[in-house]
Amino acid sequence: MAAQPVPQRPEPEVLRAACWRAARDGLAGHSLDLRTNRLETTASHLDRLWETILPTLDGAESMLLRDARTRLDTGGNGADRQRRAYRERHRITDVVDHLIECATRAPTT
C-alpha cells in the first residue's frame, strides 16, 4: 500500500473561515473541506469523519460515538436547539430558559 501524502497545514485564515462557517451553519448547513477548500454539506463531512474514526475505536467507544451521532442527527447540536428555542417567539429569554432546562435536566441513559 502506498503511503498517503501528508496534508498541508491550512493557513490560519482558512481555519478561521472554517470555524465561522461551522458556527454559522451548524449541522444542517455546509462546512469547509480543508483538503479541497470547497464547501460540502456538513452531513457529508461528518459521514467521512465517522468512517475514518469508527474502525479505530473499541466496542464501547464505538457505541458512544454512534449514540452521539444519533442524538446529533435527531436533535441537532446545541446551536441548532438554541435557534429552535428562539424561533418559537423570537425572545432571547426562551434561549436562556432552554439552556437552564438542559443544564438542570437529569441525565438519560
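Residues numbered from 1 in each chain as written. Predicted model: local features only at pLDDT ≥ 70, side-chain atom pairs only at ≥ 80, totals over all residues. Heavy atoms only, no water.

(A) Structural detail: helix H1 (residues 12–25). With 14 residues, H1 extends 20 Å from end C-alpha to end C-alpha; this agrees with the ideal 20 Å at 1.5 Å per step. Here H1 has its buried residues at Ala-18, Arg-21 and Asp-25. Along H1, the residues classed as buried sweep out an arc of 65° about the axis, all on the same side. Turned more than 90 degrees from where H1 packs its buried face, Arg-16, Cys-19, Trp-20 and Ala-23 sit exposed. Among the structural elements, strand E1 (30–33), strand E2 (38–41) and helix H4 (78–89) are those in contact with the buried residues of H1. (Helix = DSSP H or I, 4+ residues; strand = E, 2+ residues; numbered from the N terminus. Expected span 1.5 Å × (residues − 1). Buried < 20%, exposed > 50% of the residue type's maximum accessible area, 1.4 Å probe, protein only. Arc of directions from axis to C-beta. Contact = heavy atoms within 4.5 Å.)

(B) A positive patch on the surface, seen in detail. Taken together, the side chains of Arg-71, Arg-81, Arg-84 and Arg-87 present a region of like positive charge at the surface. Looking at which element gives the most residues to the positive patch, the answer is H4, with 3 residues. Topologically, Arg-84 is positioned in helix H4. (Patch = residues over 30% accessible without salt bridge, like charges linked within 9 Å, V, L, I, M, F, W, Y side chains within 5 Å. Areas by Shrake-Rupley, 256 points an atom, 1.4 Å probe, with all protein chains shown as cover. Salt bridge = Lys/Arg side-chain N within 4 Å of Asp/Glu carboxyl O. Lys, Arg positive; Asp, Glu negative; His and termini not counted. Charge placed at Lys NZ, Arg CZ, Asp CG, Glu CD.)

Coordinates in, geometry out; function isn't part of it.
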